[in-house]
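Architecture at a glance
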Amino acid sequence: MGLFDKLFGGGKKKVSKETAETRGVHMPDLNIPVDEKFTIHFKKNGGKFIYCDSFQEISEALHNIVKENSWENHPFFAMNPMLEDRFSKEHITFTHKTQESEVFFTTCEHLIAQNGSILVCSNQLMEKKLHELPANVIVFATTSQLVESIGEGLKKIKKTYGHNIPANITTLKHFQATNENSDDFLTYGSSSKNLYLLLLEDL
């Protein structure tokens, strides 16, 4: 869709779609910037995103997503008061009950370039499991949250929270119908989500 054709800007060297898709999962990573690597894997997972230079662009992108899916009269399920406050002027209603919503609106901890997944924890999910959440997910994140690997993301979580490491750490990785047999322990018990990523440049 043309709405999601806007990728990371700049004069960086692009890697062809054929090069990215013909490499096996066990082959060495392409020597490309972390943002481009995330883009390749995230889109291969079936995710949809818009890269934005300003919050105004984030607002416009959110309105386009709502219009595209006819969610104008659908409240967003959210568990983050700060997120609700930041988007309070966007003509969106919020609910704290999953059964009242078709859309989960959330932040994340990190974006994992290695496999195009989104690292979340109890700060975003509370005690809920992924299959308990609405099938549609909109994630608001920033470019400073990009990391190379899950290991790096977990180290940053430990550094950020110290002895108060959050629980329920998992990854959102499957954004379309897929084989549920996964060797990634962080995706065990996960379910496929129709996911949009609103990515704000903050570096």
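What counts as what
Residues numbered from 1 in each chain as written. Predicted model: local features only at pLDDT ≥ 70, side-chain atom pairs only at ≥ 80, totals over all residues. Heavy atoms only, no water. Salt bridge = Lys/Arg side-chain N within 4 Å of Asp/Glu carboxyl O. Helix = DSSP H or I, 4+ residues; strand = E, 2+ residues; numbered from the N terminus. Buried < 20%, exposed > 50% of the residue type's maximum accessible area, 1.4 Å probe, protein only. Phe/Tyr/Trp six-rings, centres within 6.5 Å; stacked < 30°, edge-to-face > 60°. Lys NZ or Arg CZ within 6 Å of the ring centre and 35° of its normal. Pairing = 2+ DSSP bridges.

1. Brief notes about the pattern of salt bridges
Here the structure, examined in full by the defined rule, presents one salt bridge. Among the ionic pairs, E148 bridges to K37, the shortest N-O distance being 2.8 Å. With a gap of 111 residues between them, E148 in the loop between β8 (146-147) and α6 (150-161) and K37 in helix α2 (residues 34-44) connect regions that are remote in the sequence. In this structure E148 comes out as partly exposed when scored by relative accessible area, which is 25%.

2. Some details on the packing of aromatic side chains
Under the definition given, this model contains twelve aromatic pairs. Each ring, one from F42 and one from F175, has its centre 5.2 Å from the other, and the planes form 55 degrees; the classification is tilted. Residue F42 is found in helix α2, and its partner F175 is found in the loop between β9 (170-172) and β10 (194-200); the two are separated by 133 residues along the sequence. When the centroid spacing of 6.3 Å and the interplanar angle of 15 degrees are considered together, the rings of F94 and F105 count as stacked. Of this pair, F94 sits in strand β3 (residues 94-95) while F105 sits in strand β4 (residues 103-106); the two residues are eleven residues apart in sequence, bridging distant segments of the chain. F105 gets classed as buried once you look at its relative accessible area, which sits at 1%. Across from the ring centre of Y196, 4.8 Å away, lies the NZ or CZ of K48, which sits over that ring.

3. Things to note about the sheet that holds β10
One open sheet accounts for six strands, arranged β1-β10-β7-β4-β2-β3; its pairing is parallel. Edge strands, defined here as strands with exactly one partner in the open sheet, are β1 (48-52) and β3. As judged from the two bridges shared by strand β2 (residues 76-77) and β4, these two strands associate in the parallel manner. Across the sheet, the residue bridging to F77 is F104, located in β4.

4. Some words on unusual backbone geometry
For S70, which is not glycine, the phi dihedral falls at a positive 55 degrees. Residue placement: S70 occurs in the loop between α3 (55-69) and β2. Here S70 falls in the partly exposed class, since its relative accessible area comes to 48%. Notably, M126 is not glycine yet its phi reads approximately 55 degrees, a positive angle. The residue M126 is located in the loop between α5 (122-125) and β7 (136-142) in this model.

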